[in-house]
Amino acid sequence: MCSSSFSSSSRPIPAALAIFLALLLHWSRAQLSPSFYDMTCPGLSDIVLDVVLQAQISDPRMPASLIRLHFHDCFVDGCDASVLLDNSDTIVSEKDAVPNDNSARGFDVIDAIKSAVEEACLGVVSCADILTLAAEAAVRLSGGPSWEAQLGRRDGTTANISGANNLPGPVDTLAVLQSKFAAVGLDDTDLVTLSGAHTFGRAQCKSFAARLYNYSGTERPDPSLDSAYLALLQDQCPDGEDGTSLNDLDPTTPDAFDGNYYFNLQNGQGLLQSDQELYAGAGTAAVVDGYAGDESGFFESFAASMINMGNISPLTGSEGEVRVNCRQVNAI
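Residues numbered from 1 in each chain as written. Predicted model: local features only at pLDDT ≥ 70, side-chain atom pairs only at ≥ 80, totals over all residues. Heavy atoms only, no water.

Per an unreviewed UniProt entry, the protein goes by the name Peroxidase and belongs to Musa troglodytarum.

Laid out in structure tokens, this is it:
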């Protein structure tokens, strides 16, 4: 005889509760953790640190290049190592995008890290997490803060060259920068904080040459540039040259991760237009002023903002894959 009542397991779940549970499941699966590889690859951080250290000894520019790779990865469809993929029959590489072409570097270092990691922990660690760990090691080895990198990302199987062509750029206005950061869930504090990575590294003359000679079509230099700094840059980047000469993003301590970047902005010595733009808005200028007087506060905020950036749309669980070779998707 059939019962007229339902067991608790067969009662329909209200729609609102079903949506909540689905969101909760998605949220729980998307969580990253600093302990993700504790059991499967316990020496991971030390392996990454050692390879980055050797790269830094060989090339003092490399730490800045590695953190830039992580940035360029995360801002294009999330932190999925898409920036590492080479061209193939099915992939149009982000390496050929304008912001990356003849500019992004450090791919060989990521390859070296991947090789060393695979020897220790075969098929376990994603290239996306290697990028994340390499960025943290690069900052730490250059005198900056350290933080517990959140791990557990998987690698994407596609690239997005159009997205890479829309990365935050050196001639973007403050409004454009704010829009591009907001589009990936980062606020104005993240914008100013993450821009502090320009406290080390180099930029080619073509990235800022218009500021020196024809700012916004005026046929005059950018009036926000300190006059002595302008003269120095004009000497280093003569008008009409090919624009490939390298210049220190921070003229005071070019290879150290410190708070001098913010003093530079206060003094009209931001190398890129996108740097100096941060001192043009009241809200962002207040953050700049705060960091200029509080390096430890900047370091603390930088660690938090790097974690925020690393949380942009990660692939987790069964999504994506763990690439055997960071430059190509796995064979089916």
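This is not the end of the story, as more comes after the structure.
Caption draft 1: Representation of the overall build of the protein. For the protein, the helix and strand inventory stands at 14 helices and 2 strands. Expected size for 332 residues packed as a compact globule is a radius of gyration near 20 Å; at 22 Å, the protein falls within 12% of this value. For the C-alpha atoms alone, the extent of the protein along its principal axes is close to 95 × 45 × 40 Å. Taking all 332 residues of the protein together, 46% fall into the buried category. Within the protein, contacts between residues separated by at least 24 positions form 74% of all contacts whose residues are at least 6 apart in sequence. For the protein, the exposed area adds up to about 15,700 Å²; of that, 54% sits on carbon and sulfur atoms. (Helix = DSSP H or I, 4+ residues; strand = E, 2+ residues; numbered from the N terminus. Rg over C-alpha atoms; globule rule 2.2 N^0.38 Å. Buried < 20%, exposed > 50% of the residue type's maximum accessible area, 1.4 Å probe, protein only. Contact = heavy atoms within 4.5 Å. Areas by Shrake-Rupley, 256 points an atom, 1.4 Å probe, with all protein chains shown as cover.)

Caption draft 2: Just unusual backbone geometry, in detail. The backbone phi angle of Ser 216 is positive, close to 50°, even though this residue is not glycine. Looking at the secondary structure, you find Ser 216 in the loop between helix H9 (209-213) and helix H10 (227-236). Exposure remark for Ser 216: the relative accessible area of 60% places this residue in the exposed category. At Glu 219, a position not held by glycine, the phi torsion is positive, near 60°.

Caption draft 3: Fine view of helix H7 (residues 174-182). What H7 keeps buried is the set Leu 174, Leu 177, Lys 180 and Phe 181. The arc that holds the buried residues of H7, viewed along the axis, is 130°, so those residues lie on one side. Against the buried residues of H7 lie helix H3 (62-74), helix H8 (188-195), helix H12 (273-276) and helix H13 (282-292). (Arc of directions from axis to C-beta.)

Caption draft 4: Highlighting the pattern of salt bridges. Taken as a whole, this structure holds 11 salt bridges when the rule is applied. Residues joined in a network through salt bridges with shared partners are Asp 86, Lys 95, Asp 111 and Arg 327. (Salt bridge = Lys/Arg side-chain N within 4 Å of Asp/Glu carboxyl O.)

Caption draft 5: The UniProt feature "site: Transition state stabilizer" (unreviewed entry) in the protein, seen in detail. The UniProt feature table records "site: Transition state stabilizer" (unreviewed entry) at Arg 68. As for its position among the elements, Arg 68 is in helix H3. Sequence-distant contacts of Arg 68, that is, excluding residues within four places in its chain, are made with Pro 99, Ser 103 and Ala 104. (UniProt positions renumbered as here; feature names shortened; annotations may be inferred.)

Caption draft 6: Spotlight on the state of the cysteines. In this structure the tally under the stated criterion is 4 disulfides. In this model Cys 74 forms its disulfide with Cys 79; the gap between the sulfur atoms is 2.0 Å. Between Cys 74 and Cys 79 the disulfide shows an S-S torsion of about 120°. By sign, it is right-handed. With a relative accessible area of 0%, Cys 74 lands in the buried category. What makes Cys 79 buried here is its relative accessible area of 0%. Across the disulfide, Cys 127 is cross-linked to Cys 326 (sulfur-sulfur distance 2.1 Å). Between Cys 127 and Cys 326, the S-S dihedral sits near -95°, and the bridge is therefore left-handed. Of this pair, Cys 127 sits in helix H5 (residues 127-141) while Cys 326 is found in the segment after helix H14 (295-310), placing the two residues 199 residues apart along the sequence. A residue is classified by how much of its surface remains accessible, and Cys 326, at 2% relative accessible area, is buried. If you count the bonded cysteines of the protein from the N-terminus, they pair up as 1-4, 2-3, 5-8, 6-7. (Disulfide = S-S within 2.5 Å.)

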